[in-house]
Amino acid sequence: MIASLRAELLRLRKWPVTWVITGVWLTLNVFFGYLLDYLSYRDAVGGGDRRLAAALLTQLSPAQVPSTMVTGLPMFGSALVLILAALATGSGYGWNTWRTVFTQGPGRLSALGGTLLALAVVVVGFTVLALLTDLAASSVVMAAEGQALTWPGLGALAEGFGGALLIGGTWAAGGALLGIVARSPGLSVGLGLVWVL
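Predicted model, so just to flag it, every value in this text is computed and none were measured.

Draft legend 1. Seen up close, the packing of aromatic side chains. As enumerated under the stated definition, the model contains three aromatic pairs in all. With centroids separated by 4.9 Å and ring planes inclined at 75 degrees, the aromatic side chains of Trp25 and Phe126 adopt a geometry described as edge-to-face. Of this pair, Trp25 sits in helix H2 (residues 16–47) while Phe126 sits in helix H6 (residues 108–144), and the two are 101 residues apart along the sequence. Accessibility expressed as a relative area gives 4% for Trp25, which makes it buried. On the basis of relative accessibility, which here comes to 5%, the residue Phe126 falls in the buried class.

Draft legend 2. Inspection of the packing of H2 against helix H3 (residues 50–59) at higher detail. The N-to-C vectors of H2 and H3 enclose an angle of 155 degrees; their axes lie 8 Å apart at closest approach. Classified by the angle their axes make, H2 and H3 are roughly antiparallel. The hand of the H2/H3 crossing is left-handed. For the pair H2 and H3, the contacting residues are Asp37, Ser40, Tyr41, Ala44 and Val45 in the first and Leu52, Ala53, Leu56, Leu57 and Gln59 in the second.

Draft legend 3. Region of interest: the environment of Ser184. Along the chain, Ser184 falls in the loop between helix H7 (154–182) and helix H8 (185–196). The exposure class assigned to Ser184 is partly exposed, which follows from its relative accessible area of 23%. Separated by 95 residues in the primary sequence, Ser184 and Thr89 place their C-alpha atoms 8.5 Å from one another. With residues up to four places along the chain from it excluded, the contact list for Ser184 reads Gly90 and Gly179.

What counts, and where the lines are drawn
Residues numbered from 1 in each chain as written. Predicted model: local features only at pLDDT ≥ 70, side-chain atom pairs only at ≥ 80, totals over all residues. Heavy atoms only, no water. Phe/Tyr/Trp six-rings, centres within 6.5 Å; stacked < 30°, edge-to-face > 60°. Helix = DSSP H or I, 4+ residues; strand = E, 2+ residues; numbered from the N terminus. Buried < 20%, exposed > 50% of the residue type's maximum accessible area, 1.4 Å probe, protein only. Axes fitted to C-alpha atoms, helices over the stretch in contact; angles between N-to-C directions. Parallel < 35°, antiparallel > 145°, perpendicular 65-115°, else oblique. Left-handed = near helix turned anticlockwise from the far one by under 90°. Contact = heavy atoms within 4.5 Å.

So this is what it looks like as structure tokens:
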């Protein structure tokens, strides 16, 4: 299974769709998690609504990063993870590579286990990147507004990170299952997105 894991990690690392989905995820994360709230904050400041402005600024602080990361995941991150996982398993049927692997390579369980472990590693990487991006975006907002940085506690950070991993892992497993059942990358992605919507 280790050889299958290495092969799948190499494939996912060199696959352009992995990097496109990563870029889209991080962009949407910053846009919905910070940019829209910051624009609302600036509008509240301009309109003289101090209470709303203070609430929005508190929500943008680094202490709120764990909850922001988890709340943004079901909105867009889950669909992106589902797409990646469905493509990772479904494309093997579309390109007929599963047939070759199953007849000449390791056993079915080893090959599938390597794919699922590789997807788990990718989900962990996505979550770490999202956490670092959220911390950076929040720090930029606080620096732009001249506010002190209040970092989240280690427990809250671990809870948010763990919650994000569970959400991402669940959607990745669902996408992988769709790719295997549909045996087609296009159909599995389409079914997954319809279900998400």
